[in-house]
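# A look at the structure
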Amino acid sequence: MSSEFSDVELEGYLEEALPRDQMVEIETALRSDSTLSERLAEVVSKIDAGVHSLGSIWRRGRLSCPSRENLGSYLLRVLDTDEMDYIEFHLDTIGCRLCNASLGDLQQQHEAADAEARETRRTRYVQSSAG
């Protein structure tokens, strides 16, 4: 059972950089497979010793993640088609939890700003018609 996960996946698990479903799958396997737990300990010891893979450096630096500004532009649908496609791929297929959380935060801010703008307009309408 422990061989079904690569060392790269275990590194991603430790960095919490995997999609939620895959994180759950590894966590569940760790609870019942002592060999996998030993492999995970080996991966941790390599990381502690300063041995890093290109993939771990890439994930840690979030080099493939779009900027928060690009996520905001994605939310407003003002990017060109290629950028929109890449961000959708990054969010949906890769399942980047950090970018999905950032997008969720931007959506909440956008909705709050919309609600505030509606309330401001409503107040202006009432004030202008009351006179």
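Attention here is on the structure that accompanies the text. Predicted model only: the values in this text are computed from it and were never measured.

### Examining the overall build of the protein
When helices and strands are counted, the protein shows seven helices and zero strands. For the protein, the C-alpha radius of gyration of 22 Å lies well beyond 14 Å, the compact-globule estimate for 131 residues. Counting only C-alpha atoms, the protein reaches 80 × 30 × 25 Å along its principal axes. If you average the places of the 14 positive and of the 25 negative side-chain charges in the protein, the two averages end up 7 Å apart.

### Regarding the packing of helix H5 (residues 68-76) against helix H6 (residues 81-94)
Taken N-terminus to C-terminus, the directions of H5 and H6 make an angle of 105°; their axes are 10 Å apart at the nearest point. In terms of axis orientation, H5 runs roughly perpendicular to H6. Side by side, H5 and H6 meet where Asn70, Leu71 and Tyr74 of the first sit next to Met84, Ile87, Glu88 and Leu91 of the second. Partitioning the contact of H5 with H6 into residue classes produces five nonpolar, one polar and one charged.

### Digging into the side chain of Ser73
For Ser73, the position within the fold is in helix H5. Residue classification places Ser73 among the buried positions, given a relative accessible area of 18%. If sequence neighbours within four positions are ignored, Ser73 has contacts with Val78 and Leu79.

### Details of a negative patch on the surface
A cluster of like negative charges, contributed by Asp80, Asp82, Glu83 and Asp85, occupies part of the molecular surface. Tracing the backbone through its elements, the reader meets Asp85 in helix H6.

### Side note on the pattern of salt bridges
Inspection of every chain in the model, using the stated rule, returns six salt bridges. Asp7 is the salt-bridge partner of Lys46, the closest N and O atoms lying 4.0 Å from each other. Here Lys46, found in helix H3 (residues 34-48), pairs with Asp7, found in helix H1 (residues 7-14); they are 39 residues apart in sequence, far enough to count as distant. Judged by its relative accessible area of 42%, Lys46 falls in the partly exposed class. Owing to a relative accessible area of 33%, Asp7 belongs among the partly exposed residues under this scheme.

What counts, and at which threshold
- Residues numbered from 1 in each chain as written.
- Predicted model: local features only at pLDDT ≥ 70, side-chain atom pairs only at ≥ 80, totals over all residues.
- Heavy atoms only, no water.
- Helix = DSSP H or I, 4+ residues; strand = E, 2+ residues; numbered from the N terminus.
- Rg over C-alpha atoms; globule rule 2.2 N^0.38 Å.
- Lys, Arg positive; Asp, Glu negative; His and termini not counted.
- Charge placed at Lys NZ, Arg CZ, Asp CG, Glu CD.
- Axes fitted to C-alpha atoms, helices over the stretch in contact; angles between N-to-C directions.
- Parallel < 35°, antiparallel > 145°, perpendicular 65-115°, else oblique.
- Contact = heavy atoms within 4.5 Å.
- Nonpolar A, V, L, I, M, F, W, Y, C, P; charged D, E, K, R; others polar.
- Buried < 20%, exposed > 50% of the residue type's maximum accessible area, 1.4 Å probe, protein only.
- Patch = residues over 30% accessible without salt bridge, like charges linked within 9 Å, V, L, I, M, F, W, Y side chains within 5 Å.
- Areas by Shrake-Rupley, 256 points an atom, 1.4 Å probe, with all protein chains shown as cover.
- Salt bridge = Lys/Arg side-chain N within 4 Å of Asp/Glu carboxyl O.

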